[in-house]
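What follows is the residue order along each chain.
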Amino acid sequence: MRSHFIALWSWCAAMIIAIPSFAATQTRSTLPDEITATGGQGAAQAGSGAALISDQAAIHINPAMLYRHRNYDVAGSYIWPVEGRPFYRAAAIDGITSKWTTAFEYTGFADALESRESRAIDSPVRRRGSLAFSIPTELMALGFAGHYVEAEDPTKAPGVTIKGFTLGSGVVAQLSDSIRFGASVENFNNKKVKNVSPQTIRVGFAWEHKSGAFALYTDYRDRERSDYLEGLPLTSEGELAVVDPVVVPSPQPHEKMTIVGGQIQTFDVLRIFFAVGRNVNGERSEVLSGGLGIYQKNFSLAYAVSRTYPDVKDLQNSVHL
């Protein structure tokens, strides 16, 4: 079984490398970082790992994976995006009080949202809150999440605020001692706030050595595009051409991406994370993430970088405690 999974992972990696590079489009093809970035380990693994990640990032990636978090943790992530305001995600995860694991996360910003006339590329979000829990059973685990968002409505006059709740769910199954399958849907009832909370479907497998020292995974991710926030026209240098453009629907309503990655633990406390992904439905979009962290029994500190813009050299940087 292990050899089959390694073969599957190798095939996915080969497919990603083989996907041709498409000519850069004349519109922005990536959402502002805050909308898609996660805290915790997910920041170093391209927001993927539906069958691997079980820290605060699982609230968004796959809440069912929280069943593996059998500690009580308080966690925080501070993220410097490629464009826009720095933001933080603070979380608490309780995996001790009951068989259910419960997690809470709050997202805030270092600075107030600037007026639309003076800001360039930035998330219109003001704050977010999430609550998630995982229910383990003998054969699998189920997960559910609720997300609150408060943002400036990018489709209406400046200053108009929208507030909304969305839901998410996930499942994970332990196929063998080392192999897991995970699937999730995030923001599946997002009609009111789809520009800032896109519906995202994730399906993936993970192989993890019984010692926990080494793991590999592959994910397929299908995310709704925002006609407004991802249709911003760019100059030939990749800069924003205008602040308030006419909305032109994207020819590809979904970003469909295959991602492969893994993690390595060495010297008992040092962990290395990596992930790479490519779009598989024609439009150019890619991601490359990595991170390094020190993990002890009662304390962890990690640093992650991510390249999410296909034609921009700047990196998203983040620190996780």
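Refer to the structure above for everything that follows.
Parameters and conventions
- Residues numbered from 1 in each chain as written.
- Predicted model: local features only at pLDDT ≥ 70, side-chain atom pairs only at ≥ 80, totals over all residues.
- Heavy atoms only, no water.
- Salt bridge = Lys/Arg side-chain N within 4 Å of Asp/Glu carboxyl O.
- Helix = DSSP H or I, 4+ residues; strand = E, 2+ residues; numbered from the N terminus.
- Buried < 20%, exposed > 50% of the residue type's maximum accessible area, 1.4 Å probe, protein only.
- 1 Å grid on protein atoms, 1.4 Å probe; cavity = no way out; pocket = protein on both sides within 12 Å on 5 of 7 lines; lining within 4 Å.
- Points joined across faces, edges and corners; volume = space filled by probe spheres on them.
- Nonpolar A, V, L, I, M, F, W, Y, C, P; charged D, E, K, R; others polar.
- Patch = residues over 30% accessible without salt bridge, like charges linked within 9 Å, V, L, I, M, F, W, Y side chains within 5 Å.
- Areas by Shrake-Rupley, 256 points an atom, 1.4 Å probe, with all protein chains shown as cover.
- Phe/Tyr/Trp six-rings, centres within 6.5 Å; stacked < 30°, edge-to-face > 60°.
- Lys NZ or Arg CZ within 6 Å of the ring centre and 35° of its normal.
- Core = buried A, V, L, I, M, F, W, Y, C linked by side-chain atoms within 4.5 Å.
- Contact = heavy atoms within 4.5 Å.
- Polar contact = N/O pair within 3.5 Å; in protein donor to acceptor, adjacent residues only side chain to side chain.
- Pairing = 2+ DSSP bridges.

Asks: Which parts of the structure should I look at to understand the pattern of salt bridges?
Replies: Any two side chains of opposite charge can pair, so long as their charged atoms come close to each other. A complete count under the given rule lists 11 salt bridges for this structure. The partner of Glu34 in a salt bridge is Arg89, and the shortest N-O contact between them spans 3.9 Å. Separated by 55 residues along the polypeptide, Glu34 in helix α2 (residues 33-36) and Arg89 in strand β2 (residues 87-94) bring together distant segments of the chain. For the residue pair Glu34 and Arg89, the accessibility class agrees, reading buried in each case.

Asks: What exactly am I supposed to notice about the layout of surface pockets here?
Replies: By volume, the largest pocket amounts to about 1100 Å³. Along the wall of the largest pocket there are 36 residues; nearest its centre are His69, Asn71, Asp73, Arg271 and Tyr295. Only β1 (72-80), β10 (254-266) and β13 (300-307) provide two or more residues apiece to the lining of the largest pocket. Per-element tally for the lining of the largest pocket: the top contributor is β1, with six residues. Among the residues forming the lining of the largest pocket, the class breakdown is 11 nonpolar, 16 polar and nine charged.

Asks: Looking at this model, I keep getting lost on unusual backbone geometry. Mind explaining?
Replies: Comment: phi is negative for the bulk of residues other than glycine, and the bulk of peptide bonds are trans. With a phi close to 60°, Asn187 is a non-glycine residue in the positive phi region. Relative to the helices and strands, Asn187 resides in the loop between β7 (179-186) and β8 (200-208). We note that Phe267 has phi near 55°; this positive angle belongs to a residue other than glycine. Secondary-structure assignment places Phe267 in the loop between β10 and β11 (270-279). Looking at Phe267, the relative accessible area reads 69%, which means it is exposed.

Asks: Teacher, can you tell me more about a nonpolar patch on the surface here?
Replies: A grouping of Trp80, Phe299, Leu301, Tyr303, Val319 and Leu321 is seen on the molecular surface, where their side chains present a nonpolar patch of about 550 Å² in accessible area. Among the secondary structure elements, Tyr303 is positioned in strand β13. Given a relative accessible area of 40%, Tyr303 falls into the partly exposed group.

Asks: Even after reading the chapter, I still don't get the packing of aromatic side chains, so can you show me in this structure?
Replies: Two aromatic rings are characterised by how far apart their centres lie and by the angle between their planes. For the coordinates displayed, the defined rule picks out nine aromatic pairs. Arranged with centres 4.9 Å apart and planes meeting at 65°, the rings of Tyr78 and Trp80 form a pair that is edge-to-face. You can call Trp80 partly exposed: its relative accessible area is 38%. Here the basic side chain of Arg85 rests over the ring of Phe109, its NZ or CZ set 3.8 Å away from the ring centre. Its guanidinium or amino end placed over the ring of Tyr295, Arg271 lies 4.2 Å from that ring's centre, counting from NZ or CZ.

Asks: Quick question: what am I supposed to make of the nonpolar core here?
Replies: The nonpolar side chains of a soluble globular protein tend to be buried, and buried together. Val125 and Val196 are the most contacted members of the largest nonpolar core, which totals 14 residues. Sequence-distant contacts of Val125, that is, excluding residues within four places in its chain, are made with Glu34, Arg85, Phe109, Val149, Glu150, Ala151 and Val196.

Asks: Please clarify how empty space enclosed by the protein should be interpreted in this entry.
Replies: Taking a probe equal in size to a water molecule and rolling it over the atoms shows the remaining empty space. Taken as a whole and assessed by the stated rule, the structure comprises five cavities of 30 Å³ or more. Estimated volume of the largest cavity: approximately 530 Å³. In terms of lining, the largest cavity is formed by 39 residues, of which the most central are Asp33, Ile35, Thr36, Ala37 and Arg221. At the level of elements, α2, β4 (125-136), β5 (140-152), β8, β9 (214-224), β10 and β12 (286-295) are the ones that each hand at least two residues to the lining of the largest cavity. The residue inventory of the lining of the largest cavity, partitioned by class, reads 12 nonpolar, 17 polar and 10 charged.

Asks: Explanation requested: the environment of His60 in the structure shown.
Replies: Tracing the chain through its elements places His60 in helix α3 (residues 58-61). Here the alpha-carbon distance between His60 and Ala132, two residues 72 residues apart in the chain, equals 8.8 Å. Ignoring sequence-local partners within four residues, the contact set of His60 consists of Thr38, Arg89, Glu105, Ser130, His147, Glu186 and Arg202.

Asks: Hey, could you run me through the environment of Ala206 in this one?
Replies: Following the sequence through the fold, Ala206 ends up in strand β8. Between the alpha carbons of Ala206 and Gln174 there is a distance of 9.7 Å; along the sequence they are 32 residues apart.

Asks: Would you mind going over the side chain of Asn187 with me for this structure?
Replies: By relative accessible area, Asn187 is classed as buried at 5%. Within the structure, the side chain of Asn187 is placed 3.1 Å from the backbone oxygen of Pro198, a separation counted as a polar contact. Setting aside anything within four residues of it in sequence, one finds Asn187 in contact with His147, Thr166, Leu167, Gly168, Ser197, Pro198 and Gln199.

Asks: Got a minute to help me understand the pairing of β2 in this structure?
Replies: Where β1 and β2 come together, eight bridges link them in antiparallel fashion. Residue pairing across strands places Tyr72 opposite Asp94, the latter belonging to β2. Taken together, β1 and the strand that follows it, β2, pair antiparallel across an intervening segment of six residues, in which Gly84 is found at a positive phi of about 100°. Of the pairings in the sheet, the one linking β2 to strand β3 (residues 101-109) comprises eight bridges and is antiparallel in character. Residue Ala91 lies in a different strand from β3, and its bridge partner there is Glu105. Two successive antiparallel strands, β2 and β3, enclose a turn made up of six residues.

Interpretation note: all reported values are geometric properties and have no functional meaning in isolation.
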